[in-house]
Amino acid sequence: MTLIGTPKESAKGENRVAMTPQSARDLQALGFECMIQTGAGKAANFSDADYREAGVTVARSAAELWKQADVVAKVRPPTTAEAKKARSGQTVISFVYPSDNKKLLETAKTANSTLIAMDMVPRISRAQKMDALSSMANIAGYRAVIEAGNNFGRFFTGQVTAAGKVPPAKVLVIGAGVAGLAAIGTAQSLGAIVRAFDVRPEVAEQIESMGAEFLFLDFEESGSGEGGYAAPSSPEFRAKQLDLFSEQAPDIDIVITTALIPGRDAPVLWTRDMVDAMKRGSVIIDLAAERGGNCELTKKDEKVVTPSGVTIIGYTDFPSRMATQSSNLYATNIRHMMADLTPEKDGVIVHDMDDDVIRGATVAHAGEITYPPPKPKIEAIAKPQPKKTEPTPEEIKTREIAAQREAGLREIGMLAIGGVILLIIGMFAPVSFMQHLIVFALACFVGFQVIWNVSHALHTPLMAVTNAISSIIIVGALMQIGSGSWLVMILAALSVLMAGINIFGGFMVTRRMLAMFQKS
């Protein structure tokens, strides 16, 4: 049986763990045995006893775990020492960031081990359950607002108290990806006035649906890139962008920046001049600090207070600061990845390199470096379609004339068909039947025209085309109910019953409608 193990994270300050007691139970249901290094879950509030209760073997050391496990699940990329522990045929699953860790890929290739990067899971619909980047970004966006509140000297929500009025905080979120949307939702729920900007205009609807104001930039350039990320902006667009932020800076209390494209340095969007223009006590949370930061004054993993009294936070461990929640989500992402790797749920790994998700996440396999992966067969996020140009007045008039001509031809065709049908009926039906049919058709036409010419705003259940026709039917049925033919009498009685239900039902519904507008 395949053994999946999780060592304690060796990176300083990393509190997350790649296996939780619940995920271990789920992995066992897939046919795996589970092992964890002693103390690995302590910082995330999972004790060794919790794991033992879930049926997990607790290893005394990392070396013991690496030696026995067939699959090693981690959070942070393996260190050089850890990578050297990997043996032939062993699978390692973690964040890898392959574009920055070429040496790690070479080590995996030399060891003939398989390296699966959770940060390389393609962003397609069926892979969302394994999208660890989004899971962690969601937590980072939420935690960024909490961290901002911890360093902000006022309420987020506005209040009117006996001691005076407290204005609501004004929050600007730059970048409306997963982290940005999480930050918008959290700040909005705390009562702040939230504004947001993104280079992708198609996210405006999402931002506004969450109650925030989208800052539009009057510049024709698509900022949508591959995989749902923003594309690099042109110098002209960036200049317009900075002008917009300069206008916002004096009015904003809290800025949360999330603009980052994987594999690239973070673009500087909040300059020194903008920081100086902000009010004393304002806070900047830079979620792009790991790649240099969106703020010009950000220092990685530090909190800086400027001479003008603005606090700039460049922490890179926001998910780790909520270790229990982060571990639960990340462990679930790992479990879903293992479910895809074991299609028969028998604990036997089938590494299908023809599968878009598995191929995309695999960066080293069978003695080869498989990064970068080919583009998935299914596009991650459809590129926005170009805006349709508005038709000119001449084009509109031409279309209307064509539509009228088509409608006229349709009406002529229907009249011709109706005329042929009446001619055939008239050849065989008695004269009295034709007289009644003509009267009925004319009555329907008159009733329809009378109702149709009334404004729709004045329509009620009593004033509807169906009621006009029902009235005609009931009059005709009453005239025929005394007929000498028992079949005609039965049909007439049924007509009276059904038409009566429609008419009296209209009275009842209308009465209820009128009652809604009457004062009690």
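Everything below is about the structure shown above.
Predicted, not measured: the structure shown is a model, and the values here were computed from it.

Asker: Where do I start with the pairing of strand β10 (residues 193–197) in this structure?
Answerer: Where a strand is regular, its side chains alternate between the two sheet faces. For β10, the buried fraction is high: 4 of the 5 residues fall into the buried class. With 5 bridges connecting them, strand β9 (residues 170–174) and β10 associate as parallel partners. Counterpart to Lys170 in the pairing with β10 is Ile193. Regarding the hand of the β-α-β motif, the stretch spanning β9, helix α7 (residues 178–189) and β10 is right-handed. Pairing analysis gives 2 bridges linking β10 to strand β11 (residues 213–214), with the strands arranged parallel.

Asker: Help me out: how do you make sense of the pairing of β9 in this one?
Answerer: A large share of β9 lies buried, amounting to 4 of its 5 residues. Where β9 and strand β12 (residues 254–257) come together, 4 bridges link them in parallel fashion. Across the sheet, the residue bridging to Val171 is Ile254, located in β12.

Asker: Sorry, what's going on with the nonpolar core here?
Answerer: Note on soluble globular proteins: their nonpolar side chains tend to be buried together. With 41 residues, the main nonpolar core has Ile4, Tyr330 and Met338 as its most contacted residues. Elements that contribute at least two residues to this core include exactly α1 (21–29), β2 (33–37), β4 (71–73), α6 (132–151), α11 (323–341) and α12 (356–361). Per element, the largest residue contribution to this core is 7 residues, and it comes from α11. Residues contacting Met338, with those up to four places away along its chain left out, are Ile4, Leu27, Leu30, Phe32, Val71, Ile93 and Ile349.

Asker: Would you mind showing me how to read the packing of aromatic side chains here?
Answerer: Two aromatic rings are characterised by how far apart their centres lie and by the angle between their planes. Across all of its chains, the model carries 8 aromatic pairs by this definition. Here Phe46 and Tyr51 contribute two aromatic rings whose centre-to-centre distance is 6.4 Å and whose plane-to-plane angle is 70°, an arrangement assigned as edge-to-face. The buried category is assigned to Tyr51, whose relative accessible area is 0%. Here the aromatic rings of Phe95 and Tyr97 are separated by 5.9 Å at their centres, their planes lie at 5°, and the arrangement is stacked. You can call Phe95 buried: its relative accessible area is 4%. Residue class for Tyr97 comes out partly exposed when judged on its relative accessible area of 36%. Ring pairing ties together the aromatic residues Phe95, Tyr97 and Tyr330, which thus form one cluster. Positioned above the aromatic ring of Tyr315 is the side chain of Arg321, whose terminal nitrogen or guanidinium carbon lies 4.0 Å from the ring centre.

Asker: I keep staring at unusual backbone geometry and nothing clicks. Help me out?
Answerer: Residue Pro372 is reached from Tyr371 by a cis peptide bond, and omega for that bond is 0°. You can see Pro372 is positioned in the loop between β17 (368–369) and α13 (393–428). Although it is not a glycine, Tyr97 adopts a positive phi angle of roughly 50°. Within the element layout of this structure, Tyr97 appears in the loop between β5 (91–94) and α5 (102–111).

Asker: Explain the pattern of salt bridges here, please?
Answerer: Pairing is possible between side chains that carry opposite charge, provided their charged atoms lie close to one another. One pass over the structure, following the stated rule, counts 22 salt bridges. A salt bridge links Arg60 to Glu64; the shortest N-O distance between them is 3.7 Å. Residue Arg60 is classed as exposed on the basis of its relative accessible area, which comes to 72%. Where salt bridges share partners, they join Arg126, Lys129, Asp340 and Asp355 into one cluster.

Asker: So what exactly am I meant to see when it comes to the environment of Ile207 here?
Answerer: Here Ile207 is to be found in helix α8 (residues 204–209). The exposure class of Ile207 is buried, given its relative accessible area of 0%. Between the alpha carbons of Ile207 and Arg195 there is a distance of 8.7 Å; along the sequence they are 12 residues apart. Not counting residues within four places of it along the chain, the set of residues in contact with Ile207 comprises Ala176, Leu181, Ile184, Ala196, Ala212, Glu213 and Phe214.

Asker: When you look at the packing of α1 against α11 in this model, what are you seeing that I'm missing?
Answerer: How two helices pack is summed up by the angle between their axes together with the distance between the axes. One can describe the packing of α1 onto α11 by two numbers: an axis separation of 9 Å at closest approach and a directional angle of 5°. In terms of orientation, α1 lies roughly parallel with respect to α11. Residue-level inspection shows Ser23, Asp26 and Leu27 of α1 in contact with α11, the latter providing Ala331, Arg335 and Met338. Among the residues making up the contact of α1 with α11, the classes are represented as 3 nonpolar, 1 polar and 2 charged.

Asker: Looking at this model, I keep getting lost on a nonpolar patch on the surface. Mind explaining?
Answerer: Together, Trp486, Leu487, Ile490, Leu491, Leu494, Leu497, Met498 and Ile501 give the surface a local cluster of nonpolar side chains, amounting to about 880 Å² of exposed area. Its place among the elements puts Met498 in helix α16 (residues 486–516). Taking the relative accessible area as the measure of exposure, Met498 reaches 57% and is therefore exposed.

Asker: Which parts of the structure should I look at to understand the side chain of Ser135?
Answerer: Mapped onto the elements of the fold, Ser135 is located in helix α6. Excluding its chain neighbours within four sequence positions, the residues that come into contact with Ser135 are Leu329 and Asn333.

Asker: I tried to follow the sheet that holds strand β13 (residues 283–286) on my own but got confused; where do I start?
Answerer: Note: strands within a sheet are paired through backbone hydrogen bonds, in either parallel or antiparallel orientation. The 7 strands lie next to each other as β11-β10-β9-β12-β13-β15-β14, forming an open sheet whose pairing is mixed. Looking at the sheet topology across the chains shown, the edges are occupied by β11 and β14 (303–305). Against the sheet, α6 makes contact with β12, β13, β14 and β15 (311–313), and its axis sits at roughly 150° relative to β13, the strand it touches most.

Asker: Is there a simple way to think about the packing of α6 against α7 in this case?
Answerer: Running from N to C, α6 and α7 point in directions that differ by 35°, and their axes come no closer than 7 Å. Between α6 and α7 lies a crossing whose hand is right-handed. On the side of α6, the interface is formed by Ser134, Ala137, Asn138, Gly141, Tyr142 and Val145, while α7 contributes Val178, Ala179, Ala182, Ala183, Thr186 and Ala187. Partitioned by chemical class, the residues of the contact of α6 with α7 number 8 nonpolar, 4 polar and no charged.

Asker: Would you take a moment to explain the sheet that holds strand β3 (residues 57–59) for this structure?
Answerer: The strand order β3-β2-β1-β4-β5-β6-β16-β17 describes an open sheet built from 8 strands, whose pairing is mixed. Here the strands that pair on one side only, and so sit at the sheet edges, are β3 and β17. The pairing of strand β6 (residues 114–117) with strand β16 (residues 362–365) spans 2 bridges and is classified as antiparallel. The residue of β16 that forms the bridge with Ile116 is Thr362.

Asker: Mind showing me how you'd approach the side chain of Gln37 here?
Answerer: Relative to the elements of secondary structure, Gln37 occurs in strand β2. At 2.9 Å, the side chain of Gln37 forms a polar contact with the backbone nitrogen of Lys8. If we ignore the near neighbours within four places in the chain, the residues touching Gln37 are Thr6, Pro7, Lys8, Asp48, Val58, Ala59, Ser61, Ala62 and Leu65.

Reading the values: the criteria
- Residues numbered from 1 in each chain as written.
- Predicted model: local features only at pLDDT ≥ 70, side-chain atom pairs only at ≥ 80, totals over all residues.
- Heavy atoms only, no water.
- Buried < 20%, exposed > 50% of the residue type's maximum accessible area, 1.4 Å probe, protein only.
- Helix = DSSP H or I, 4+ residues; strand = E, 2+ residues; numbered from the N terminus.
- Pairing = 2+ DSSP bridges.
- Right-handed = clockwise from strand over helix to strand, strands pointing away.
- Core = buried A, V, L, I, M, F, W, Y, C linked by side-chain atoms within 4.5 Å.
- Contact = heavy atoms within 4.5 Å.
- Phe/Tyr/Trp six-rings, centres within 6.5 Å; stacked < 30°, edge-to-face > 60°.
- Lys NZ or Arg CZ within 6 Å of the ring centre and 35° of its normal.
- Salt bridge = Lys/Arg side-chain N within 4 Å of Asp/Glu carboxyl O.
- Axes fitted to C-alpha atoms, helices over the stretch in contact; angles between N-to-C directions.
- Parallel < 35°, antiparallel > 145°, perpendicular 65-115°, else oblique.
- Nonpolar A, V, L, I, M, F, W, Y, C, P; charged D, E, K, R; others polar.
- Patch = residues over 30% accessible without salt bridge, like charges linked within 9 Å, V, L, I, M, F, W, Y side chains within 5 Å.
- Areas by Shrake-Rupley, 256 points an atom, 1.4 Å probe, with all protein chains shown as cover.
- Left-handed = near helix turned anticlockwise from the far one by under 90°.
- Polar contact = N/O pair within 3.5 Å; in protein donor to acceptor, adjacent residues only side chain to side chain.

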